[in-house]
Amino acid sequence: MAVERDVFGISGPTYLKSVDWNCEHNRRSVAASLVQAVYVLERDRQLNRQSVEALAPPWWEFFHFELIRKLIDDADMSTFGAIFEFNPPSSEEASAVNAPRFVIAFRGTITEKDTISRDLSLDLHLVQNGLHRTSRFTIAMQAVQNVASVFPGSKIWLAGHSLGAGMAILTGRNMVKKGAFLESFLFNPPFVAAPIERIRDERVKHGFRIARSVITAGLTIAMKGKSEGNSQRSVAEESFSILSSWTPYLYVNPGDHICSEYIGYFQHRKNMDDLGAGFIEKLATQNSIGDLFFKALGWESEPLHLLPSADLIVNVSPSPDFKYAHGISQWWQPELNLQCSKYRY
């Protein structure tokens, strides 16, 4: 659900003369740059920029990565992801112990004629909690599994922006179920729910959240009663519990209504605990009204935004407009005012 149009070709974090792989800012900047590389790869393809005219290579070469595979969508033949392998010069090997060996990055929506139709259809699948039923996800999942199985024990990062962050969440969650916990950098990940975070009045906002939690918990209990004897709900709860040990990095901007709801989602869990209503929120945090609705209709649904644990990084630096607040370029800027919170289920 990203809208990246005019940022191709902008300068990246060249102020990083060398990468400190123990520094959160450096790691974030590298992950964001490799996601940007995928955007530019696709624009190179669309504009037929080849060889020396291609603008994408500097985005990975600057950090000593090599492009080992493009991930191609089978519907529109666009590049939606890429696998990069870290290959540092021998002089930097000692300082790169904590570097990833592989980074698998996914772009978001590109609103150009070659990609807009397919990307918007995937956005719709995401809103309907059905991204896992798409061929793009199948291609992404196979790619991640292949790297993990061919290079067991290697450090692998997942990174994605907007729709691509949704793809990274989905592949990351599935890898957790297979026993692999991949470090994941999720930039402006979509949160499919009413944008309550945009309400200015804190009391009204809090009231809306409590009401939503009570309704969601009530519907969950009602559906459990109807499906008594059916293991579907207990399997969902067990799955949520398994995911609790995976702690992706969520990078959100309060000015971006596509992802800002994550701020309230995690804070509200703490508030409900403080009110002594932790049981209600425990049910509500594992489900969404939309998810329950789709399941009541008999549709297979997998809401990506329901995450048990995460490191939430909020960019509270001023954003001139929505385009910047939702853009990938903010995440490699050198002087960001970031608020970081750790949430564990």
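Here the structure is shown first, and the text comes after it.
Residues numbered from 1 in each chain as written. Predicted model: local features only at pLDDT ≥ 70, side-chain atom pairs only at ≥ 80, totals over all residues. Heavy atoms only, no water.

Student: How should I be thinking about the overall build of the protein chain in this particular structure?
Tutor: When helices and strands are counted, the protein chain shows 11 helices and 8 strands. Accessible surface, the protein chain as shown: approximately 15,300 Å² in total, 54% of it carbon and sulfur. (Helix = DSSP H or I, 4+ residues; strand = E, 2+ residues; numbered from the N terminus. Areas by Shrake-Rupley, 256 points an atom, 1.4 Å probe, with all protein chains shown as cover.)

Student: Is there a simple way to think about the sheet that holds strand E5 (residues 183–187) in this case?
Tutor: Backbone-to-backbone hydrogen bonds join strands into a sheet, with any given pair of strands oriented parallel or antiparallel. Strand order in the open sheet formed by 8 strands is E1-E2-E3-E4-E5-E6-E7-E8, and the pairing between neighbours is mixed. A strand with exactly one partner marks an edge of an open sheet, and here the two such strands are strand E1 (65–72) and strand E8 (338–343). Each strand axis lies, on average, 15 degrees off the axis of its neighbour in the sheet, ignoring direction. Sheet analysis places strand E6 (residues 249–252) next to strand E7 (residues 310–315), joined by 4 bridges and oriented parallel. In the strand pairing of E7, Val 252 is matched with Val 314. Contacts from helix H1 (residues 24–46) reach E1, strand E2 (79–86), strand E3 (102–106), strand E4 (156–161), E5, E6 and E8, with the element oriented near 135 degrees to E2. Each of E3, E4 and E5 is contacted by helix H5 (residues 163–177), which is oriented at about 145 degrees to E4, the strand it contacts most. (Pairing = 2+ DSSP bridges. Axes fitted to C-alpha atoms, helices over the stretch in contact; angles between N-to-C directions. Contact = heavy atoms within 4.5 Å.)

Student: Would you explain the pattern of salt bridges in this entry?
Tutor: When their charged atoms lie close together, side chains carrying opposite charge are able to pair. Going through the model one piece at a time under the given rule, you end up with 12 salt bridges. Between Arg 45 and Glu 42 there is a salt bridge, with the nearest N and O atoms lying 2.7 Å from each other. Of this pair, Arg 45 and Glu 42 both sit in helix H1, 3 residues apart, which is roughly one turn of the helix. Asp 119 is the salt-bridge partner of Arg 136, the closest N and O atoms lying 3.0 Å from each other. Of this pair, Arg 136 sits in helix H4 (residues 135–150) while Asp 119 sits in helix H3 (residues 116–127), and the two are 17 residues apart along the sequence. Taking the relative accessible area as the measure of exposure, Arg 136 reaches 2% and is therefore buried. (Salt bridge = Lys/Arg side-chain N within 4 Å of Asp/Glu carboxyl O. Buried < 20%, exposed > 50% of the residue type's maximum accessible area, 1.4 Å probe, protein only.)

Student: Teacher, can you tell me more about the packing of H4 against H5 here?
Tutor: In contact at an axis separation of 10 Å, H4 and H5 are set at 50 degrees when each is read in the N-to-C sense. Between H4 and H5, the crossing angle belongs to the class labelled oblique. Judged by the sense of rotation from one axis to the other, the crossing of H4 with H5 is right-handed. Along the contact surface, H4 presents Arg 136, Phe 137, Ala 140, Met 141, Val 144, Gln 145 and Ala 148, while H5 presents Leu 163, Met 167, Leu 170, Thr 171, Asn 174 and Met 175. Per-class residue counts for the contact of H4 with H5 are 9 nonpolar, 3 polar and 1 charged. (Parallel < 35°, antiparallel > 145°, perpendicular 65-115°, else oblique. Left-handed = near helix turned anticlockwise from the far one by under 90°. Nonpolar A, V, L, I, M, F, W, Y, C, P; charged D, E, K, R; others polar.)

Student: How do you make sense of the side chain of Asn 26 when you look at a structure like this?
Tutor: Relative to the helices and strands, Asn 26 resides in helix H1. Residue class for Asn 26 comes out buried when judged on its relative accessible area of 7%.

Student: Can you help me understand the environment of Thr 79 in this one?
Tutor: Residue position: Thr 79 is located in strand E2. As a C-alpha pair, Thr 79 and Asp 44 span 35 residues in sequence and 9.9 Å in three-dimensional space. Not counting chain neighbours up to four residues away, the residues in contact with Thr 79 comprise Val 38, Leu 41, Glu 42, Arg 45, Lys 70, Leu 71, Ile 72 and Arg 107.

Student: I keep staring at the pairing of E1 and nothing clicks. Help me out?
Tutor: When a strand is regular, its side chains alternate between the sheet's two faces. In the sheet, E1 pairs with E2 via 7 bridges, with the strands oriented antiparallel. When the bridges of E2 are listed, Arg 69 appears paired with Ile 83. Count of turn residues in the E1/E2 antiparallel hairpin: 6 residues, of which Met 77 carries a positive phi of about 60 degrees.

Student: How should the nonpolar core be read in this particular structure?
Tutor: Generally speaking, soluble globular proteins have nonpolar side chains that are buried together. Ile 104, Phe 106, Leu 131, Leu 250, Tyr 262, Phe 266 and Leu 312 are the most contacted members of the largest nonpolar core, which totals 46 residues. Looking at which element gives the most residues to this core, the answer is H5, with 8 residues. Listed in part, the 37 residues of the second largest apolar core include Ala 37, Phe 65, Ile 110 and Ala 159. (Core = buried A, V, L, I, M, F, W, Y, C linked by side-chain atoms within 4.5 Å.)

Student: Looking at this structure, I do not really get the environment of Phe 181. What am I missing?
Tutor: Mapped onto the secondary structure, Phe 181 falls in the loop between H5 and E5. Using a relative accessible area of 46% as the deciding quantity, one classes Phe 181 as partly exposed. Spatially, the C-alpha atom of Phe 181 lies 9.4 Å from that of Pro 248, the residues being 67 residues apart in sequence. In this structure, Phe 181 is in contact with Val 176, Ile 242, Ser 245 and Trp 246, ignoring residues within four places of it in sequence.

Student: Is there a simple way to think about H3 in this case?
Tutor: Each α-helix turn comprises 3.6 residues. Residues three or four places apart therefore point the same way. Its 12 residues place the ends of H3 16 Å apart at the C-alpha level, agreeing with the 16 Å of an ideal helix rising 1.5 Å per residue. What H3 keeps buried is the set Arg 118, Asp 119, Leu 122, Asp 123 and Leu 126. Taken around the axis of H3, the buried residues stretch over an arc of 140 degrees, which confines them to a single face. Among the structural elements, H4 and H5 are those in contact with the buried residues of H3. One or two positions beyond H3, positive phi appears at Asn 129, with a value near 55 degrees. (Expected span 1.5 Å × (residues − 1). Arc of directions from axis to C-beta.)

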